[in-house]
Amino acid sequence: MTLPDGKQLRGELISFSGLSDQREHFAVRFSGGSLADPLLRLHSECVTGDVLGSRRCDCGSQLHEALRMLDECGGYLLYLRQEGRGLGLYRKIDAYRLQEQGSDTFEANRILGYADDERSYAVAVEMLEALGLRAVRLLSNNPDKAQQLEQAGIRVTERIPTGVFMNDCNRGYIEAKVRKGGHTMHL
Ligand SMILES: [Zn+2]
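Cut-offs used in this document
- Each chain carries its own residue numbering, running from 1 in the direction its sequence is written.
- Totals for whole chains, interfaces and linings use all residues, but because this is a predicted model, local features are given only for residues with pLDDT of at least 70 and pairs of side-chain atoms are given and counted only at 80 or more.
- For two strands to count as paired, DSSP must find a minimum of two bridges between them.
- Put simply, DSSP marks the helices as runs of H or I at least four residues long and the strands as runs of E at least two long, and each gets a number from the N terminus on.
- Think of each axis as a best-fit line through the C-alpha atoms, taken over the contacting stretch in the case of a helix, with angles from 0 to 180 degrees between the N-to-C directions.
- Given the number of residues in a helix, its expected span is that number minus one, multiplied by 1.5 Å.
- Exposure criterion: with C-beta atoms placed from backbone coordinates, a residue whose C-beta has 20 or more other C-beta atoms within 10 Å is buried, one with 12 or fewer is exposed, and one in between is partly exposed.
- A crossover gets the label right-handed when its path from the first strand over the helix to the second runs clockwise, viewed with the strands pointing away from the viewer.

The next point concerns the sheet that holds strand E6 (residues 155-160). Taking strand neighbours across the sheet as the criterion, the six strands line up as E1-E2-E4-E3-E5-E6 in an open arrangement whose pairing is mixed. The sheet is open, and its two edges are formed by strand E1 (12-14) and E6, each paired on a single side. For this sheet, the mean inter-axis angle between neighbouring strands, taken without regard to orientation, is 30°. Summarising the sheet, strand E3 (residues 39-44) and strand E4 (residues 75-80) pair through five bridges and their orientation is parallel. Within the sheet, the bridge partner assigned to His43 lies in E4 and is Tyr79.

Before going further, it helps to examine helix H2 (residues 59-73). Residues spaced three or four apart along an α-helix face the same direction, because each turn holds 3.6 residues. With 15 residues, H2 should cover 21 Å at 1.5 Å per step; its first-to-last C-alpha distance of 21 Å lies within 8% of that length. Taken from the residues just after H2, Gly74 is the one with a positive phi, measuring 80°.

Moving on, we get to unusual backbone geometry. For Gln22, which is not glycine, the phi torsion reads 65° and is therefore positive. Position of Gln22 relative to the elements: it lies in the loop between E1 and strand E2 (26-30). When the 9 C-beta atoms within 10 Å are taken as the criterion, Gln22 is described as exposed.

Let's shift gears to the pairing of E6. In terms of strand pairing, strand E5 (residues 135-139) meets E6 through five bridges, oriented parallel. Bridging from a neighbouring strand, Ala135 pairs with Arg155 of E6. Crossover connection from E5 via helix H6 (residues 143-151) to parallel E6: handedness right-handed.

Have a look at this one:
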């Protein structure tokens, strides 16, 4: 893998069979770090942010930051194919249109007839079980993710916020936080 700044990373892509929703979720494993409770990032697919580099959200930046940390510290990225908070790409674009007309991201989802967040981490739990991971240090600002994992029997020994310098990691990791550009930016 190569990050936008040219940094080369070495990870191993892992596929799964028999996941309950039949989608092609995958994991990327980075060597090193704790075996007892490895660093884990759950990343929900965001084609516009991850692939096209849209600044409407900070998904791409968060993904790159997570990959950089995992490459240095070891651990796992689970890439979950639940685009647009679970709505899918087309409906996410519909929601963007509503946002351009003044709704915020949550209002837009509700106008379209969906909950604020349709994502589920049940399939992530299946993946963690397949990988033999019973405890993790979760790289996330989202308490809901940690809660869903805990409820499913995965121990979250630490929740590490994203977008900040990591003290418990290699000292070499000093990257300026990449902040999202704000609501008015376009693709
Ligand atoms: Zn996004």
